[in-house]
Amino acid sequence: MTGPLDNPDHPLAKIIAEAEAATEREELEAAQARLRALLTEGFVKTESTDQPYSAAVEMTDAFRAEYFPQAEGGAEAGFGEFIGGFAVDAANALATSERRIAFRLKTLFGFRGLRMVEEGDSWTQYPILLEDIIDQLDGNSDFAIYSVGAAGDLVADMAQNKEYLQAIKVSKATAMLLSGGGNDLFGNLKDVLYDYTPGATPAALINDAAFGPVFRSVMAGYRTIISDVVSEYPHVVIFGHGYDLPFPLEDGKWIGPALQFRGIPFDVGREVLRVLMDRFNAALAELAVAELNFVYCDLRGQVDRGPNSWFDELHPKNAGYARAAEVIEGEIRKRMVGGTESASMTSAKSSTTGGTDGGAEHATTATKTIVLDPGHGGNTKVGGSSANNAKGPNGTLEKHVTLDVAQRARSILEDRGFDVLLTRETDVNSSLAARAGVAKAAHAAAFVSIHFNGFNNSTQGTETFVHSSLSAGGGQASQALCRAVQSEMIAALGHNDRNKGHPNGVKFGGFGVLNPASHASGTAAVLHEVSFMDTAAEEARLGTVSYRRKIATALADGIETYMAGTMGAEFATFASTELEDGFELVATHPGVASASTPLPGMGVEFATEISNGHMIAESAPDFLRSLAAAEARFAARGASLPSDDEGNEPDDFDPALPAIFSGMTTDADSNIDLLSGVFGGVESGGFDHAAFEAFIGGLNLRYFSASEFLFLGNSNNSGGCKGKNSLPPQSLWPRLTNTALMIDEIRHRLGASVTISSAFRAKPYNSCIGGATKSQHMNFNALDWRCSSGTPSDWFKVVTDLRDENPSKFNGFIQQYNTFVHIDTRHV
């Protein structure tokens, strides 16, 4: 039987369609809020539901009267009864739509975490009343989950409808969470049981002739789903789970009535249910052995904490869902790294020395391999490594923060081209020798053990150690790494430098994890104490994503500096003196501050003439003419763009270089005159400006034209670096996508004109101006810019706020300099 929402003209169907058609951030947020309001105000808990692994919700009278008035008073024969059963479908539709909008918001400005698709039942989609497994997992900033599941779904229907395939395509997911089987197996529990016989074993009370076909159908559905996914998306890893053992209730709706029907005592009946659950879990475990892309998550004994831990006979309370999500998250993080398959999926695991948790895979490129050691872990001391040492006043544990920082630093370093291993991926402990063994087996270039200090709740400072056996001489690599990490961390965090006053800025300690005998001869090894987390202020800072990201970035910067060979005294001023084009631009043209100003649009006929090239000066070089025409077309779009009040430029504003973009008009001849000073001498080398304009146009930016992303830097016009830069190769264009979207949003929030002073840098040019050796400008995903209003501190705050609001959407490096701000997103 079809339902009202199958009619696209139904008011609720229209609301959902309009919500999912939203594109802008503000529209998406408004749609999300509306859907959430409909869910919370339109549904309440009910005492009955058709399916065991469904959601016990029903419509409120007001909601039903507004959206389903035909059900009032039984106006249609049988429809009133149907609408009661339809409540779950309506709640599922609204909740799924809300989740999809949340996914789009999370990935709107660039996302480099793990994209997943969810297909499942009420353990992963329980609308309104409970915070199910997906609600718990989606709280991770590095997880973005696209949902197609629904409370009450059968595995057979999932396999037949195959919604997951389109979802993987749309979301670009690399992982899938599959939850199903409960409705199929236990929907008619009384039909698969025998009447109670005193003394019978739990297994003897199961009617295998009735249960067997249902069970085989469920497992066939699982195999179909896995086969579908592997056939079309062999890189996707599927995570499945069974269920934990609930309690039958006298007033229950599923288990209790079935047991009472068969005369089975509840204590015996629970053991019968255990046998059925174990069969299902065993089959999933066997499936994981047979199917390399399927991972089984065992939730037995993890969710249940007694009768009070259950919401009803089959669904745990929020805390139980949280425990289930913790198990699943652990499996996901073991197998997936930053949204891609881990090495364990594509190659055999390398052996390790000692008792590591098996989470680290070993690279073979010694010169690029870095090992990060998140200090402590687990619940017991192992081989000299305690489970936890430092603790915040409110209970924050060192072991959790070290893992968080290590994972963030790994992502940053991997984006910069390094191979990075962690000695642990989850809350487990390993011996000191085993931790060092990971680096030794990988022949790592650098090993950094990450820790936090604690003393008397008032001390503060940062310190970095080298093994004490190297104090008498030798260990120059470790000492250089020590200075690089310590200097960068002090500059970033501003804590007391506890290495200050020690010879060459190096502290020594007899830490077992640094013992040279446990490391390869070429490995630089240090132990870094970030700060004293036992102070209330530091614990509060560590509770914020932005501060932990700052720590991870500084740590990565220090390691990268060591790896690049810029150690010692030079490094002390590296972070503050890294040369960016913005310095040179402002030094030469201190008034540059204009921007991408959409001008009032002209008529369609005029714009058409421009696009046809009728107004382009024939004497101009082809590349310059294409630039001028592009700017004219951009200006002609102005009528449909947001108003941009930029009439109050300072009197001393110098429009000589990038500022010319604010003077672009629909007159291509005039544009050529303006552009010739910047691009007149540029060798286009076959650069396809029309294609680049189409690429930028596809991003639907509000404020920036294609040409503005092609400014080659002031030093490219004159001096020793003249002509060393070039236009970005087409293969790099996609890397600009997220950074371009980000600068457009920054411009919107600032409400004032923004000038891009540095975008792409060819390697010779980057080297000539003194750019960082691994500058993201060379990848065409970094921008330096300044605004016509406010100060760099003001601009930087906007960027920081934007990134903190969306910690998983804008991952990259941001830096405030004296006269400009640098951003990059490091994601293709």
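Fair warning: this is a prediction, and the values are worked out from it, not measured in the lab.

The rules we used
- Residues numbered from 1 in each chain as written.
- Predicted model: local features only at pLDDT ≥ 70, side-chain atom pairs only at ≥ 80, totals over all residues.
- Heavy atoms only, no water.
- Helix = DSSP H or I, 4+ residues; strand = E, 2+ residues; numbered from the N terminus.
- Buried < 20%, exposed > 50% of the residue type's maximum accessible area, 1.4 Å probe, protein only.
- Contact = heavy atoms within 4.5 Å.
- Pairing = 2+ DSSP bridges.
- Axes fitted to C-alpha atoms, helices over the stretch in contact; angles between N-to-C directions.
- Phe/Tyr/Trp six-rings, centres within 6.5 Å; stacked < 30°, edge-to-face > 60°.
- Expected span 1.5 Å × (residues − 1).
- Salt bridge = Lys/Arg side-chain N within 4 Å of Asp/Glu carboxyl O.

Participant: Where do I start with the overall build of the chain in this structure?
Facilitator: When helices and strands are tallied, the chain shows 27 helices and 19 strands. Counting over 828 residues, the chain shows a buried share of 56%. Considering only contacts in the chain between residues 6 or more positions apart, those separated by 24 or more positions represent 78%.

Participant: Would you mind showing me how to read the sheet that holds strand β10 (residues 369-374) here?
Facilitator: Across a sheet, strands are paired by hydrogen bonds formed along the backbone, either parallel or antiparallel in direction. Here 6 strands make up an open sheet; going across it, the order is β11-β10-β12-β15-β13-β14 and the pairing mixed. Among the strands making up the open sheet, the edge pair consists of β11 (419-422) and β14 (507-509). Direction aside, neighbouring strands of the sheet carry axes that sit 30° apart on average. When strand β12 (residues 446-453) meets strand β15 (residues 524-532), the two strands line up parallel, connected through 7 bridges. What sits directly across from Ser-449, in β15, is Leu-527. Those strands touched by helix α15 (residues 432-442) are β10, β11 and β12, and its axis lies near 175° from that of β10.

Participant: I'm lost on unusual backbone geometry in this one. Help?
Facilitator: For residues other than glycine, phi is negative in most cases, and the peptide bonds are mostly trans. The phi dihedral of Lys-162 falls on the positive side, at around 55°, and the residue is not glycine. If you trace the backbone, Lys-162 turns up in the loop between α6 (155-161) and α7 (163-171). Judged by its relative accessible area of 29%, Lys-162 falls in the partly exposed class. Within the chain, Asn-504 stands out as a residue other than glycine whose phi angle is a positive 60°.

Participant: Looking at this structure, I do not really get the pairing of strand β16 (residues 754-758). What am I missing?
Facilitator: Taken residue by residue, a regular strand's side chains alternate between the two faces of the sheet. Within β16, 5 of the 5 residues are buried, leaving the element largely enclosed by the surrounding structure. Taken together, the 4 bridges between β16 and strand β17 (residues 782-787) define a ladder with antiparallel strand orientation. By the bridge assignment for β17, Ile-756 is matched with Trp-785.

Participant: What exactly am I supposed to notice about the packing of aromatic side chains here?
Facilitator: Centre distance and the angle of the planes are the two values used to describe a pair of aromatic rings. This model, assessed by the stated rule, comprises 16 aromatic pairs. Here Tyr-222 and Phe-280 contribute two aromatic rings whose centre-to-centre distance is 6.2 Å and whose plane-to-plane angle is 70°, an arrangement assigned as edge-to-face. Residue Tyr-222 is located in helix α9 (residues 208-232), and its partner Phe-280 is located in helix α11 (residues 266-290); the two are separated by 58 residues in the primary sequence. Taken individually, Tyr-222 and Phe-280 each receive the classification buried, so the pair is uniform in this respect. Plain terms: the ring middles of Tyr-222 and Phe-294 are 6.3 Å apart, the flat faces sit at 80° to each other, and that makes the pair edge-to-face. Pair noted here: Tyr-222 is in helix α9 and Phe-294 is in strand β7 (residues 294-297), with a separation of 72 residues, a long-range link.

Participant: Help me understand helix α25 (residues 737-750), please; the structure alone is not making it clear to me.
Facilitator: Since one α-helical turn is 3.6 residues long, residues separated by three or four positions face the same way. Compared with the 20 Å implied by 1.5 Å per residue over 14 residues, the 20 Å span of α25 between its first and last C-alpha is a close match. Of all 14 residues making up α25, 10 are buried, and the element is well covered by its neighbours. Looking only at α25, the buried set comprises Thr-737, Asn-738, Thr-739, Ala-740, Met-742, Ile-743, Asp-744, Glu-745, Ile-746 and Arg-747. Of the residues one or two after α25, Gly-751 is the one with positive phi, at around 70°.

Participant: Would you mind showing me how to read the pattern of salt bridges here?
Facilitator: Side-chain pairs of opposite charge can arise whenever the charged atoms involved come near each other. In the structure shown here, the tally under the stated rule is 25 salt bridges. Counted as one network, the salt bridges with shared partners bring together Arg-702, Asp-744, Glu-745 and Arg-749.

Participant: Looking at this structure, I do not really get the sheet that holds β7. What am I missing?
Facilitator: With respect to topology, 5 strands assemble into an open sheet ordered β4-β3-β5-β6-β7, the strand pairing being parallel. Edge positions in the sheet fall to β4 (143-147) and β7, since each of these pairs with one other strand and no more. Averaged over all pairs of adjacent strands, the angle between strand axes in this sheet comes to 25°, irrespective of strand direction. Of the strands in this sheet, β3 (114-119), β4 and β5 (175-178) touch α7, which is tilted by about 160° from β3.

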